[in-house]
Amino acid sequence: MISRRIASVLREAAGRFPVVTLLGPRQSGKTTLVRALFPDYRYINLENPQTRVWYHDDPKSLLREGGERVIIDEAQREPEILSWVQVFADRANEPGQFVLTGSNQPALGEAISQSLAGRTSTHSPLPLSLEELSSEGLLGHGDELLVNGFLPRLYDANTSAHDLYSSYFATYVERDVRRLINVRDLSRFETFIRLLAGRVGQLVNLSALAGDVGVSSTALAGWLSALEASFVVMRLPPFHRNLGKRLVKTPKLYFVETGLLSWLLQIETPEQVARDPLLGGIFENMVVIEAAKAAYNRGRTPQLSFYRDKAGLEVDLIREHQRRPFVIEIKAGRSYASEMIAPIQRFRSLHGDLAGAALVYGGDEGARIDGITVAPCVDTAPLLFPD
């Protein structure tokens, strides 16, 4: 098993909270992780139809057979089970009684807020990070990473990226989409996802997409919320000093799994991605998601945004530290050029006090230029979240 950076955070949480909850994408390694971290816990998988029958017939027996600590996997299948978790957690009043996992949020998230408020520590383990692959000696060539992505199965089994993401996407559409939203025409939903892939890193314009998909922008907004709730995409809000303005301005869109993004774009080889016109967007997608992984893996909520003004100045990624921006420009190029840091320099001249500034690029060499850290993409995590 590949060592996961979030493991120490989960152990610490289990020592303080009666319930630890993991919400993340399908196949991100949640089950493998919790079973390795908590080997003495009884394991309940609610994807198993027989287990769900047992739960409906006798929930007390299912959860407290022998009184042992319990892992409840795929808890979103039976969100009402959290009411029983609350009862047993309050009765024992001890930390680390239950570990829950779920792969889509809405019903489960609502049940957590209603039943487990103050009782659970919630975390979002995303797929493997560059930091984790590097520590295991599994870090391949940059273009290979963009195609293969970061799902653990790619590194634990002899599985091709194309076959894995074909199955991953089909499973998601057949299972999660039907549970989350009422989609009459799945082909249009698939078209919508592929169109989003072609606009990765761009501002989300649902009105323009509505004409291409043949569905109203209101319906697309619901579809997009479902994609976000099930950890397929992540919206990146714009940066403003006035926090309220972020809620009304147009966000950018990224895919949580870069390998899925490449598959949706029908990119199958490193050679193909290297000459694809969307290379810059795919690389940017990887780095933005790496920043989110770095936060989640350290038990923090990502405070990420991007900057764009009416004069045309744009900075790819901003991480806030004590209300001060840490500014990052992202470039897929493998050789440093001075114009790469020009947006950072312009932003600094306009906004003054920064928590830090960096260029993350596709090369191998690090440097420090004009107070700006130039770093390879593999160094994104320690750059943003130093231990």
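This text goes with the structure placed above it.
Small disclaimer: the values here were computed from a predicted structure and weren't measured.

Q: Teacher, can you tell me more about the sheet that holds strand β1 (residues 19–23) here?
A: Strand order in the open sheet formed by 5 strands is β2-β3-β4-β1-β5, and the pairing between neighbours is parallel. Strands with a single pairing partner mark the edges of an open sheet, and in this sheet they are β2 (42–45) and β5 (120–123). Along the sheet, successive strands turn relative to each other by an average axial angle of 15°, direction set aside.

Q: Please clarify how unusual backbone geometry should be interpreted in this entry.
A: Note on backbone geometry: most residues besides glycine have negative phi, and most peptide bonds are trans. One non-glycine residue, Glu-74, lies in positive phi territory at about 60°. Along the chain, the position of Glu-74 falls in the loop between β3 (70–73) and α5 (81–92). Non-glycine residue Phe-231 carries a positive phi angle of around 65°. As for its placement among the helices and strands, Phe-231 is situated in the loop between α13 (217–229) and β6 (233–236). Among the residues examined, Phe-231 registers a relative accessible area of 8% and is labelled buried.

Q: Is there a simple way to explain the packing of helix α12 (residues 206–213) against α13 in this structure?
A: Running from N to C, α12 and α13 cross one another at 100°; their axes reach a closest spacing of 9 Å. By the angle between their axes, α12 is roughly perpendicular relative to α13. Of the residues in α13, those touching α12 at Leu-206, Ser-207, Leu-209, Ala-210 and Val-213 are Ser-217, Leu-220, Ala-221, Trp-223 and Leu-224. By residue class, the composition of the contact of α12 with α13 is 8 nonpolar, 2 polar and no charged.

Q: I'm lost on the packing of aromatic side chains in this one. Help?
A: Two descriptors summarise a pair of aromatic rings, namely the distance from one centre to the other and the angle between the planes of the rings. Tallied over the full model, the rule gives 8 aromatic pairs. Note on Phe-38 and Tyr-41: the rings are 5.1 Å apart at their centroids and 50° apart in plane angle, and the pair reads as tilted. Take Tyr-41: its relative accessible area is 15%, and that puts it in the buried class. Through a chain of ring-to-ring contacts, three or more aromatic side chains come together here, namely Phe-189, Phe-192 and Trp-223. Over the ring of Tyr-43 we find Arg-35; its NZ or CZ atom is 3.9 Å from the centre of that ring.

Q: What am I meant to see in α5 here?
A: Because each turn of an α-helix spans 3.6 residues, side chains separated by three or four positions in sequence point in the same direction. For α5, which comprises 12 residues, the first-to-last C-alpha distance of 17 Å matches the rise-based estimate of 16 Å (1.5 Å per residue) to within 8%. Regarding α5, the residues found buried are Ile-81, Leu-82, Val-85, Phe-88 and Ala-89. Viewed along the axis of α5, the buried residues span an arc of 120°, placing them on a single side of the element. Immediately beyond the C-terminal end of α5, within one or two residues, lies Asn-93, with a positive phi of roughly 55°.

Rules used throughout
- Residues numbered from 1 in each chain as written.
- Predicted model: local features only at pLDDT ≥ 70, side-chain atom pairs only at ≥ 80, totals over all residues.
- Heavy atoms only, no water.
- Pairing = 2+ DSSP bridges.
- Helix = DSSP H or I, 4+ residues; strand = E, 2+ residues; numbered from the N terminus.
- Axes fitted to C-alpha atoms, helices over the stretch in contact; angles between N-to-C directions.
- Buried < 20%, exposed > 50% of the residue type's maximum accessible area, 1.4 Å probe, protein only.
- Parallel < 35°, antiparallel > 145°, perpendicular 65-115°, else oblique.
- Contact = heavy atoms within 4.5 Å.
- Nonpolar A, V, L, I, M, F, W, Y, C, P; charged D, E, K, R; others polar.
- Phe/Tyr/Trp six-rings, centres within 6.5 Å; stacked < 30°, edge-to-face > 60°.
- Lys NZ or Arg CZ within 6 Å of the ring centre and 35° of its normal.
- Expected span 1.5 Å × (residues − 1).
- Arc of directions from axis to C-beta.

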